[in-house]
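An overview of the molecular structure
What follows is the residue order along each chain.
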Amino acid sequence: MNFQDIIFYFFSTVLIASALGVITVRNPVYSALLLVLAFVTCAGLWLLLEAEFLAITLVLVYVGAVMVLFLFVVMMLDINLEKLREGFWKWFPLGGLVALVMVVEIAMIMLGQHFSLEEMPAPEPKAADYSNTKELGRLLYTEYVYAFELAAVLLLVAMVAAIALTLRHREDKKTLDVAKQVSVNKKDRLRIVSMPADKKN
């Protein structure tokens, strides 16, 4: 066992432990912080696979933006943890069944003939000027361009739907009417008043 294998098993252990902690801890802030640890550890595993672009994207996008937003939302909202745990045991059998099905599916893939570490050839070493970012872009915009565009459309629809579902028109809230602002005239906003000059002796 070389040093790279030791690093891989260490990162894998930390990743599994942090992922279990996300779903087992009761404090939502601790859960979000453990999810940050899971993302950073997963980025380290991607670095071992020489996928530097995906690793830095995971750190910048998820850890640097999404998880910070989650932390702010969780810390600002008044979450009643007792109320959230009321229906836990009610849906536990269904959740356990779904988890069991997922474990069986993963085991079938791992133990199948198309996923064998003994038959997989060792990856060829890349040149010093090899760019995995360029290779990823070439694959996305050539072989997987339709799937990439479909995912972009689905994300756009989901974003518009989220905005539409959370948009509420309140009577006590002042909002700007762009049409009225554009069509305003000088006479409506400006009044010239003639005042006599102040004469000083």
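Each value, and the rule that gives it
- Residues numbered from 1 in each chain as written.
- Predicted model: local features only at pLDDT ≥ 70, side-chain atom pairs only at ≥ 80, totals over all residues.
- Heavy atoms only, no water.
- UniProt positions renumbered as here; feature names shortened; annotations may be inferred.
- Helix = DSSP H or I, 4+ residues; strand = E, 2+ residues; numbered from the N terminus.
- Expected span 1.5 Å × (residues − 1).
- Buried < 20%, exposed > 50% of the residue type's maximum accessible area, 1.4 Å probe, protein only.
- Contact = heavy atoms within 4.5 Å.
- Axes fitted to C-alpha atoms, helices over the stretch in contact; angles between N-to-C directions.
- Parallel < 35°, antiparallel > 145°, perpendicular 65-115°, else oblique.
- Left-handed = near helix turned anticlockwise from the far one by under 90°.
- Nonpolar A, V, L, I, M, F, W, Y, C, P; charged D, E, K, R; others polar.
- Phe/Tyr/Trp six-rings, centres within 6.5 Å; stacked < 30°, edge-to-face > 60°.

As annotated in an unreviewed UniProt entry, the protein chain is NADH-quinone oxidoreductase subunit J from Nitrosomonas aestuarii. Per its UniProt entry, the protein chain bears the Catalytic activity (unreviewed entry) comment "a quinone + NADH + 5 H(+)(in) = a quinol + NAD(+) + 4 H(+)(out)". Regarding the protein chain, the UniProt comment filed under Function (unreviewed entry) reads as follows: "NDH-1 shuttles electrons from NADH, via FMN and iron-sulfur (Fe-S) centers, to quinones in the respiratory chain. Couples the redox reaction to proton translocation (for every two electrons transferred, four hydrogen ions are translocated across the cytoplasmic membrane), and thus conserves the redox energy in a proton gradient."

**Things to note about helix α2 (residues 28-48)**
Between its terminal C-alpha atoms α2 stretches 31 Å, which fits the 30 Å expected from 21 residues at 1.5 Å a residue. Turning to α2, its buried residues are Ser31, Ala32, Val36, Ala38, Phe39, Thr41, Ala43, Gly44 and Leu45. At its buried positions, α2 is contacted by α1 (3-24) and α3 (52-76). Trailing α2 by a residue or two, Glu50 shows a phi angle of about 65°, which is positive.

**Considering the side chain of Thr41**
With respect to the helices and strands, the residue Thr41 is situated in helix α2. Using a relative accessible area of 6% as the deciding quantity, one classes Thr41 as buried. Residues contacting Thr41, with those up to four places away along its chain left out, are Phe11, Val14 and Leu15.

**A closer look at the packing of α1 against α2**
Packing of α1 against α2 brings their axes to within 8 Å, and their N-to-C directions diverge by 155°. Taken together, the axis directions place α1 and α2 in an arrangement best described as roughly antiparallel. Classified by chirality, the crossing of α2 by α1 is left-handed. Between α1 and α2, the contacting residues are Gln4, Ile7, Phe8, Phe11, Ser12, Val14, Leu15, Ser18, Gly21 and Val22 on the first element and Ser31, Leu34, Leu35, Leu37, Ala38, Thr41, Cys42, Gly44, Leu45 and Leu48 on the second. Each residue belonging to the contact of α1 with α2 can be placed in one class, and the counts come to 13 nonpolar, seven polar and no charged.

**Describing the packing of aromatic side chains**
Counted according to the given criterion, the structure contains four aromatic pairs. Residues Phe10 and Phe11 carry aromatic rings whose centres are separated by 5.9 Å and whose planes lie at 45° to one another, so their mutual orientation is tilted. Judged by its relative accessible area of 52%, Phe10 is exposed. What makes Phe11 partly exposed here is its relative accessible area of 24%. Between Tyr141 and Phe148, the aromatic rings sit 5.2 Å apart at their centres with planes inclined by 70°, giving edge-to-face as the arrangement. Residue Tyr141 is classed as exposed on the basis of its relative accessible area, which comes to 53%. Classification of Phe148 as partly exposed rests on a relative accessible area of 31%.

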